[in-house]
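Survey of secondary and tertiary structure
Chain by chain, the residues:
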Amino acid sequence: MENKTQATGRPVIRKGGVDDLPAILAMLDGAVEWLTSQGRTGQWGSEPWSSRPSTVKKVRDILETGTPWLAEVDGVPVGTLTLATEPTPYIDPVDEPEMYIQLLVTDRRHKGRGIGSALLEHAVAETRRRGVDLLRVDCYAGDDGQLVAYYRGQGFVPTETFTVGEWPGQLLEQRVGRGGTAV
């Protein structure tokens with residue numbers, strides 16, 4: 001069966017892997033270009049991720065240790081989200097099972113089409129399917145706070161702020177209700 005856009009116009013979400021690294025790096029590079037064009041370099045800098053060996057390694061590590069998901073429209077990747085059972089190294093784990101979003105990026109050419117929302121809805125469903133109640137994510141909390149506001153609009157609640165070097169961050173969580181089978 002061909003992987004097409006669903007009849008609703010929503011993307012098809014499929015499990016990804018390390019083989020998707022070039023497509024994911026292209027989306028990250030596009031996001032950096034878009035942010036830079038708006039003068040917003042605090043989140044991810046101004047250099048393409050694909051040109052920096054340390055960021056390429058970071059993305060590869062995330063894909064190898066978590067479960068990457070790709071959103072596709074007509075078989076073309078337009079967004080990605082990686083779920084893990086542990087938070088990123090700069091966030092303390094909690095005393096309960098959790099799913100943690102370690103990477104979410106969408107192709108800026110598809111801005112406003114609900115790609116990020118579809119991926120987050122998938123993360124909620126996958127968290128429930130695994131029998132886990134807690135879904136957490138962290139994000140850049142600088143500039144105008146638009147990213148934190150986006151996650152709040154997707155049902156996440158801010159829990160604590162943090163900094164990594166000079167990078168201001170916000171930790172958010174969502175209780176999704178248990179379901180499915182335990183992790």
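Structure: see above.
Summary of the structure given here. (Residues numbered from 1 in each chain as written. Predicted model: local features only at pLDDT ≥ 70, side-chain atom pairs only at ≥ 80, totals over all residues. Heavy atoms only, no water.)

Attention now moves to the pattern of salt bridges. Following the criterion strictly, the structure yields 11 salt bridges and no others. Across the pair Lys57 and Asp61 runs a salt bridge whose closest N-O atoms are separated by 2.8 Å. Pair noted here: Lys57 and Asp61 are both in helix 2 (residues 53-65), with a separation of four residues, about one helical turn. Three or more residues joined by partner-sharing salt bridges are found here, namely Arg14, Asp20 and Glu72. (Salt bridge = Lys/Arg side-chain N within 4 Å of Asp/Glu carboxyl O. Helix = DSSP H or I, 4+ residues; strand = E, 2+ residues; numbered from the N terminus.)

Direction vectors running N to C along helix 1 (residues 21-37) and helix 2 enclose 125°, while the axes themselves pass 11 Å from each other. Relative to helix 2, the element helix 1 is oriented oblique. Handedness of the crossing formed by helix 1 with helix 2: right-handed. Where helix 1 approaches helix 2, its residues Leu21, Ile24, Leu25 and Leu28 are matched on the opposing element by Val56, Val59, Arg60 and Leu63. (Axes fitted to C-alpha atoms, helices over the stretch in contact; angles between N-to-C directions. Parallel < 35°, antiparallel > 145°, perpendicular 65-115°, else oblique. Left-handed = near helix turned anticlockwise from the far one by under 90°. Contact = heavy atoms within 4.5 Å.)

Time to look at the nonpolar core. Counting residues in hydrophobic clusters, the biggest one holds 23 residues, and the most contacted among them are Leu81, Leu83, Ile101, Leu135, Tyr151 and Phe156. Those elements giving two or more residues to this core turn out to be strand 2 (67-73), strand 3 (76-84), strand 4 (98-106), helix 3 (115-129), strand 5 (134-140) and helix 4 (146-153). The greatest single-element share of this core, amounting to five residues, is contributed by helix 3. If sequence neighbours within four positions are ignored, Tyr151 has contacts with Leu104, Leu120, Val137, Cys139, Phe156 and Leu172. (Core = buried A, V, L, I, M, F, W, Y, C linked by side-chain atoms within 4.5 Å. Buried < 20%, exposed > 50% of the residue type's maximum accessible area, 1.4 Å probe, protein only.)

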